[in-house]
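Residue strings, one per chain:
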Amino acid sequence: MDDAATVSTPTPAVEQAAPLLRLSAVVKTFPGVRALDGVDLDVAAGEVHCLLGQNGAGKSTLIKVLAGVHRPDAGDIVWDGQPVTFPSPQASMRAGIATIYQELDLVDDLTVAENVFLGHEPRTAGFVHRGPGARRTREILAQLGHPEIPPGRLVGKLPAAAKQVVSMGRALSRRARLLVMDEPSAVLAHDEVANLFRVIRGLTAGGIAVVYISHRLEEIREIGDRVTVLKDGRTSAANLPAATTSTRELVGYMTGRSIEYVFPPRPPAPPVPQRPTEPTVSQGSVAAPVAPLLEVSGLGRSGEFADVSLTVHSGEIVGIAGLVGSGRSELLETVYGARRAHSGSVRLDGRVLRPGSVRAAVRAGIGMAPEERKSQALLLGEPVYRNVTLATFGRLARAGFTDAARERAEAARVTGELRLVPADVRRPVRTLSGGNQQKVVLARWLLRGGCAGTRLLLLDEPTRGVDVGARAELYGVIRRLADDGVGVLLVSSEVPEVLGLADRVLVMREGRVIHEAAASDLDEHAVLDLVMAGSLLSGAQAEGDLS
Amino acid sequence: MIDVASPAAASAKRAGWWRGDGSEPVRRNLGLVGVLVLLYLVGALARPDIFLHGGRLWSNELTVLTQASSIGVITIGMTFVMISGGIDLSVGALLALASVWSTTVATQSYGPGVMILAALLVGAGSGLVNGILIAYGRMVPFIATLATMVAARGLAQKISGKLTQIVKVTSFNRIAEWRPLGIPLLVIIFVVVAVLAWVLLNRTTFGRRTVAIGGNAEAARLAGINIRRHTLLVYTLSGLCCGIAAVMVTAQATAGSSDHGNLYELNAIAAAIIGGTALTGGRGTIVGSVLGVLVFTQIYNLFIVKNLQTEYQQIAQGVIIVAAVLIQQFRVAALRRPVPPGA
Ligand SMILES: Nc1ncnc2c1ncn2[C@@H]1O[C@H](COP(=O)(O)OP(=O)(O)OP(=O)(O)O)[C@@H](O)[C@H]1O
Ligand SMILES: [Mg+2]
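Residues numbered from 1 in each chain as written. Chains lettered and ligands numbered in written order. Predicted model: local features only at pLDDT ≥ 70, side-chain atom pairs only at ≥ 80, totals over all residues. Heavy atoms only, no water.

An unreviewed UniProt entry lists chain B under the name Sugar ABC transporter permease, with Rugosimonospora africana given as the organism. UniProt, in its Subcellular location (unreviewed entry) section for chain B, records the words "Cell membrane". (UniProt positions renumbered as here; feature names shortened; annotations may be inferred.)

Looking up chain A in an unreviewed UniProt entry gives the name Sugar ABC transporter ATP-binding protein, with the organism given as Rugosimonospora africana.

Interfaces are often sized by the accessible area lost when the parts come together. Residue and element names in this part refer to chain A. When its domains are assigned, chain A resolves into domain 1 (1-96 + 176-260), domain 2 (106-174), domain 3 (290-365 + 456-470 + 487-547) and domain 4 (374-454). Centre-to-centre separation of domain 3 and domain 4, based on C-alpha positions: 26 Å. Taken together, the 13 residues of domain 3 in the interface contact 12 residues of domain 4. At the junction of domain 3 and domain 4, the tally comes to 0 salt bridges. The interface formed by domain 3 and domain 4 includes 2 residue pairs in polar contact (both at pLDDT 80 or more). The set of elements that each furnish at least two residues to the side of domain 3 that touches domain 4 consists of α11 (328-336) and β19 (456-460). Tallied by class, residues from the side of domain 3 that touches domain 4 come to 8 nonpolar, 2 polar and 3 charged. (Domains from an automatic or database assignment. Contact = heavy atoms within 4.5 Å. Salt bridge = Lys/Arg side-chain N within 4 Å of Asp/Glu carboxyl O. Polar contact = N/O pair within 3.5 Å; in protein donor to acceptor, adjacent residues only side chain to side chain. Helix = DSSP H or I, 4+ residues; strand = E, 2+ residues; numbered from the N terminus. Nonpolar A, V, L, I, M, F, W, Y, C, P; charged D, E, K, R; others polar.)

When four donors bind a metal tetrahedrally, each ideal donor-metal-donor angle is 109.5 degrees, and when six bind octahedrally, the ideal angles are 90 or 180 degrees. Residue and element names in this part refer to chain A. Bound to the magnesium ion (ligand 2) on the protein side are Ser60 (OG) and Gln102 (OE1), at distances that span 1.9 to 2.1 Å. With Ser60 in helix α2 (residues 59-66) and Gln102 in the loop between β6 (97-100) and α4 (112-116), the pair connects residues that are 42 residues apart, well separated along the chain. The class for Ser60 is buried, based on a relative accessible area of 19%. (Donors = N, O, S within 2.8 Å, 3.2 Å for Na, K, Ca; no water. Buried < 20%, exposed > 50% of the residue type's maximum accessible area, 1.4 Å probe, protein only.)

Looking now at unusual backbone geometry. Note: most residues except glycine have negative phi, and most peptide bonds are trans. Here the bond from A:Val421 into A:Pro422 is cis, since omega is -10°, no more than 30 degrees from zero. Tracing the sequence through the fold places A:Pro422 in the loop between α16 (404-417) and α17 (434-451). Of note, A:Arg419 is a non-glycine position whose phi angle comes to about 55°, a positive value. With respect to the helices and strands, A:Arg419 occurs in the loop between α16 and α17. The class of A:Arg419 is partly exposed, set by a relative accessible area of 30%. Even without glycine at this site, B:Leu181 takes up a positive phi of about 55°. The residue B:Leu181 is located in the loop between α9 (170-177) and α10 (185-203) in this model. For B:Leu181, a relative accessible area of 88% puts it in the exposed group.

Next up on the list: the site of ligand 1. All names here are of chain A. Around ligand 1 there are 21 residues in total, and Ser60, Thr61, Thr431, Ser433 and Gly435 lie nearest to it. A distance of 3.4 Å is found between an oxygen atom of ligand 1 and a side-chain nitrogen or oxygen belonging to Glu183. Coverage of ligand 1 by the protein chains reaches 90% of its 640 Å² of free accessible surface. The set of elements that each furnish at least two residues to the shell around ligand 1 consists of β2 (33-43), α2 and α17. For the shell around ligand 1, the per-class residue count stands at 6 nonpolar, 13 polar and 2 charged. Here the shell around ligand 1 spans two domains, and each of domain 1 (1-96 + 176-260) and domain 4 (374-454) adds at least three residues to it. (Near = heavy atom within 4 Å. Areas by Shrake-Rupley, 256 points an atom, 1.4 Å probe, with all protein chains shown as cover.)

Attention shifts here to the sheet that holds strand β14 (residues 305-312) of chain A. Residues and elements named next belong to chain A. Here we have 4 strands laid out as an open sheet, ordered β14-β13-β16-β17, and antiparallel in their pairing. Either end of the sheet is taken by a strand with one partner, and the two such strands are β14 and β17 (351-352). Where α11 meets the sheet, its contacts fall on β13 (294-301), β14 and β16 (343-348), and the angle it forms with β13 comes to roughly 115°. (Pairing = 2+ DSSP bridges. Axes fitted to C-alpha atoms, helices over the stretch in contact; angles between N-to-C directions.)

What follows concerns a positive patch on the surface. Together, A:Arg340, A:Arg354, A:Arg363 and B:Arg229 give the surface a local cluster of positive charge. Mapped onto the secondary structure, A:Arg354 falls in the loop between β17 and α12 (358-364). On the accessibility criterion, A:Arg354 (55% relative accessible area) is exposed. (Patch = residues over 30% accessible without salt bridge, like charges linked within 9 Å, V, L, I, M, F, W, Y side chains within 5 Å. Lys, Arg positive; Asp, Glu negative; His and termini not counted. Charge placed at Lys NZ, Arg CZ, Asp CG, Glu CD.)

The next subject is the UniProt feature "transmembrane region" (unreviewed entry) in chain B. All names here are of chain B. Per the UniProt entry, the sites bearing "transmembrane region" (unreviewed entry) are residues 30-50, 62-83, 114-136, 181-201, 232-251 and 286-303 in this numbering. Annotation note: span residues 30-50, helix share 95%, strand share 0%, distance between end C-alpha atoms 25 Å. Overall, residues 286-303 shows 100% helix and 0% strand. The separation of its end C-alpha atoms is 26 Å.

Within the largest apolar cluster, 138 residues are counted, with the highest numbers of intra-cluster contacts made by A:Tyr212, A:Leu294 and A:Tyr336. Residues contacting A:Leu294, with those up to four places away along its chain left out, are A:Leu310, A:Thr311, A:Val312, A:Val335, A:Val346, A:Arg347, A:Leu348, A:Leu456 and A:Leu489. B:Ala96, B:Met115, B:Ala119 and B:Leu294 belong to the second largest nonpolar core, which has 80 residues in total. (Core = buried A, V, L, I, M, F, W, Y, C linked by side-chain atoms within 4.5 Å.)

Right, let's talk about helix α13 (residues 227-253) of chain B for a bit. All names here are of chain B. In a regular helix each residue adds 1.5 Å, so 27 residues correspond to 39 Å; α13 covers 39 Å between its end C-alpha atoms and thus fits that length. Most of α13 is tucked away, with 21 of its 27 residues classed as buried. One or two steps after α13, the chain reaches Thr254, where phi turns positive at roughly 50°. (Expected span 1.5 Å × (residues − 1).)

We now examine the side chain of B:Ser84. By the secondary structure assignment, B:Ser84 is in the loop between α4 (54-83) and α5 (91-102). The exposure class assigned to B:Ser84 is buried, which follows from its relative accessible area of 11%.

Printed below as a string of structure tokens:
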């Protein structure tokens, strides 16, 4: 293990040339929060520089300072040897910095191509050329491994992962010298991340520098050259070699403690996975104890998924693995009633749920944490506690009168378990970091589990943007819910998460469930093989469609 | 060892005590109170004989409040609609329709109780129609209420034959004359409606749903809130407010007319915006809207006490609306824009 004292000094070995970008002692204060409290960062041309740090450490704030969104209170920015200030996003873009923000900033009512070239449309005398824009967009999307996204489609109609690809396309469409990516992989599945890395390698080979933020350490090892770690708004370690610094060491710099990336143990006797242990009972009588909590049969929506049948038992965590676009999120939303099924049925406790009615699902005790927190889950201007109680304030109310004190207390309890930072539940959600906003989304349904009987929880990418430490807490909370008898149906792009947390795993490909097994019988390779076979197929098909 | 204290967390805790649930609106409302004070100062300069004389000032202010009362009630309904993310252009026309309906010879023959009931029912019923068009017909609120605005005004003209309908039921007209404890009943109605609306918005599930729908309709839907039913209720509430205001205006004028409530939609929207209600939904306060109405009426009053022509008043009205919208936009921009260094 390295000597800690030497680490915070830059390691000259990696890059000798003058850095492309140097930030020193950058300070940024928001009302009540010192988001940046003296941050230093060096980025050299042609490198992938990773930023690590817990939720709320200040990573996004730092890159917004770079992007000209926030003005720093103090500190210097040296760009290409010149001291500079970026008073506006345009100034930063003109200097050659392109930024992919953590929260998607696409215009839903514009097309893919229009979004990609928003602000720098190819034009003469104010008239936009549609043709070249669409052609360039198609090229960029192909470069990103997504030739199937139509440049003319409205962005609002795309799934979350495709939106992420479009926002990457937007950054690539500018000839930037520094590309800043704030958790670009949070919604991407395994193969998409591989695509992304291929693109990044292509860029860095051409001398472009990349600042890469992610909570997934394995990604940082794969793509990163150097790592800078932020903790509570300060640089706690700079320019560590990405490949060789141990995880323990990195986590130590991030948290000041050492947390293992752990999943809670499954209950010794697996709770109810398929209930194979008591076959005589289950076959002998059709009686209640073995009846599944959730029973989905033959569910389908044309163009999204077809003929999906699955069960979730009370106390069981069922994971769904699959590529983005394999219909996982659509399936979850259909079970929840947010989309109306074209065929098949959803039963909870044997009772058929009214199709296409979220209210029926919620009343029956189903909760869903959707994929996209900003557009599907949060009231950004409202305080944390009101977001947490959005699905429960009616139950916490007395005769139509809301009980704010009780809501605050309940919200504080759950968000405390998830280690929300800052802990004040009266802050507007807008002012929280991305990972902490995600905790608010989850808290909504965990709260409901605690106080108003959620029977079934549908989680779509629950740990999107949540840091390593908080993730462990979150896994623990989910497992405890299951132990209390709640059924959980989990969609995640991270295969280890599905395998580690779930009791039983379904693999989806092109809208169909192609495999089902106990999590303990699968390993990452097996799942990836199943999933990838699908990706090759769908890629070929997409190309076929185009020609 | 590298970093022990956590300054961010510590300062967050410190900031908690003054940052209540709504420090931003509170600050804005204090600003509006400041504007009102400023208007009194302008009044004191323009007409010292009124504004520096206790008794006359009191009676002038009661006039202002009385003028503010009917538009105030409408603005409160509008505030709910706007917070829910909609807009109601039909309020003035609904007021006229309710006023005319409640003052037909037939209705008057049943006495004041039925007249009031008729106004409230017509208002709420028309609001319900708006709600059905928007929530279940999936029409854009702007278009739906634009249509009902034209239709309701037309219907009012049809019913009244474009004639003023004198109210012969004197007990009805006393609504505008009665002054318990020296305070006009109209003002008391305004205050009561405002208080009830405050409770409804801030303390009930109805209010919470309204904010949720306007703040993020998709999130509200996925949390299990019945958006359509709630939208329907919000527009019905706005219509009911029009009915209440119709009673007030009719009693004041001692006549029903299809011309009542002219341009009320504009004034109500402007007052709500001055009060900090967001055109995009999800944000707004009752206190702000009440203050917005008072600012609006007080400016209007200054024109009257200076005996300026109505043309000037209308021009000023337009200027105020533009100013209000501009101020709102600056506020939104200021919220989005980062604080400049050193601020
Ligand atoms: N506009 C704002 N107003 C007030 N506080 C803010 C604002 N933006 C960020 N903060 C605070 O600044 C701190 C740093 O936030 P930041 O978004 O930079 O974290 P992060 O490192 O990107 O975290 P994550 O991994 O969760 O995305 C947090 O405590 C956050 O609550
Ligand atoms: Mg962030």
